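# Structural overview for review
The primary structure of each chain is shown beneath.
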Amino acid sequence: MVHLKTPEEIEAMRPACRHAADTLVFIEPHIRPGITTDEINELVHEFTVAAGAIPAPLNYHGFPKSVCTSVNHVVCHGIPGKKKLKDGDIVNVDVTSIINGWHGDTSKTFFVGKPGVKARKVVEVARRALEIGIEAARPGATLGDIGHAIQSYVESERCSVVREYCGHGIGRAFHEDPQVLHYGRPGEGLELKPGMVFTIEPMVNLGKPGVKLLKDGWTVVTRDKSLSAQFEHTIAITEDGCETLTLPSPAG
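Here is what the cut-offs are and how they apply
Residues numbered from 1 in each chain as written. Predicted model: local features only at pLDDT ≥ 70, side-chain atom pairs only at ≥ 80, totals over all residues. Heavy atoms only, no water. Core = buried A, V, L, I, M, F, W, Y, C linked by side-chain atoms within 4.5 Å. Buried < 20%, exposed > 50% of the residue type's maximum accessible area, 1.4 Å probe, protein only. Helix = DSSP H or I, 4+ residues; strand = E, 2+ residues; numbered from the N terminus. Contact = heavy atoms within 4.5 Å. Disulfide = S-S within 2.5 Å. Axes fitted to C-alpha atoms, helices over the stretch in contact; angles between N-to-C directions. Parallel < 35°, antiparallel > 145°, perpendicular 65-115°, else oblique. Left-handed = near helix turned anticlockwise from the far one by under 90°. Nonpolar A, V, L, I, M, F, W, Y, C, P; charged D, E, K, R; others polar. Pairing = 2+ DSSP bridges. Expected span 1.5 Å × (residues − 1).

The next thing to look at is the nonpolar core. Residues Ile146, Val154, Leu192, Phe198, Ile200 and Val204 are the most contacted members of the largest nonpolar core, which totals 31 residues. Where this core is concerned, the elements lending two or more residues are helix H3 (117-135), helix H4 (143-156), strand E9 (197-200) and strand E14 (233-237). Here this core takes 9 residues from H3, the largest share from any one element. When neighbours within four sequence positions are excluded, Leu192 is seen to be in contact with Ala137, Arg138, Pro139, Gly140, Ala141, Thr142, Leu143, Ile146, Phe198 and Ile237. Counting 15 residues, the second-largest nonpolar core is a separate cluster that includes Ile27, Val71, Val95 and Val112.

If you want it as structure tokens, here you go:
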């Protein structure tokens, strides 16, 4: 069952969504060669609790850290650790904040130092894929329309879309219905209605779409070791389109 949120409920989600977005703005200048993903985790954790928010990933189904950090061929759910980032790496930082019981979820893939041609390619395709998915989200459209728009663009760029992991409804729970696939056929799937709130978060591989789960039970990597990038926003379907909720606070 998909819970259609009232305007008041969407308003109540705004602080968590804005904080999650502000966290990515905060962490960006720290993403540089030599930093460890553990240090990124510590910075995110401190920034989150200092604002009176809760880092949703911490202890979620046993996840041991406050943020997911997915480096190079890691697709998603990377666990922060002691390995230092190096020049030319890419790293996705996936942040979910809880404020007053409501969740806000967003992620961005950052360049570490100077990116190579392949890194630039996959990151730009993932970034644009998210934009295209959001552009397709409006009342009367379907989840299949979103997935098809993303898949068509990504494959036209000779990249691939990960099938096993998807966007999701969000609100008082971290993960709610519906599941938002990043591939599909036009007109298929759930019809979008005002009040739906969900994430769009395409995972784009430079190589083939196949992935595998590592023995830690969390880390997902590309089977062919190709680079993978991801961007994510939390959006709300409105009467005449959609609104991206995970935008940072205005500068100043």
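Additional details are given in the paragraphs that follow.
Applying the stated rule across the entire model yields 0 disulfides. Note on Cys166: no disulfide assigned, nearest cysteine sulfur contributed by Cys76 at a separation of 10 Å.

Before going further, it helps to spend a moment on the packing of helix H1 (residues 7-27) against helix H2 (residues 37-50). For the pair H1 and H2, the least separation of the axes is 10 Å and the interaxial angle reads 135 degrees. By the angle class used here, H1 and H2 are oblique. In the packing of H1 onto H2, the handedness of the crossing is right-handed. Along the contact surface, H1 presents His19, Asp22, Thr23, Phe26 and Ile27, while H2 presents Ile40, Leu43, Val44, Phe47 and Thr48. Grouping the constituent residues of the contact of H1 with H2 by class yields 6 nonpolar, 3 polar and 1 charged.

This part is about the pairing of strand E4 (residues 90-99). Each regular strand carries side chains that alternate between the two faces of the sheet. Of all 10 residues making up E4, 10 are buried, and the element is well covered by its neighbours. Neither face of E4 is left uncovered, since the one carrying Ile90, Asn92, Asp94, Thr96 and Ile98 and the one carrying Val91, Val93, Val95, Ser97 and Ile99 both have all their residues buried. Pairing geometry for strand E1 (residues 54-55) and E4, over 2 bridges, is antiparallel. When the sheet's bridge partners are listed, Pro55 is paired in E4 with Ser97. Inspection of the sheet shows strand E2 (residues 68-71) paired to E4 by 4 bridges, in the antiparallel sense. Bridge pairing in E4 places Thr69 opposite Val93. Pairing geometry for E4 and strand E5 (residues 102-111), over 10 bridges, is antiparallel. Considered in E5, the bridge of Ile90 is made with Phe111. Where E4 hands over to E5, the hairpin turn is made up of 2 residues, of which Asn100 adopts a positive phi near 55 degrees.

It is worth spelling out H3 at this point. Between its first and last C-alpha, H3 extends 27 Å over 19 residues, near the 27 Å set by a 1.5 Å rise per residue. Of all the residues in H3, the buried ones are Ala119, Val122, Val123, Val125, Ala126, Ala129, Leu130, Ile132, Gly133 and Ile134.

The quantities given are spatial measurements derived from coordinates; they are silent on function.
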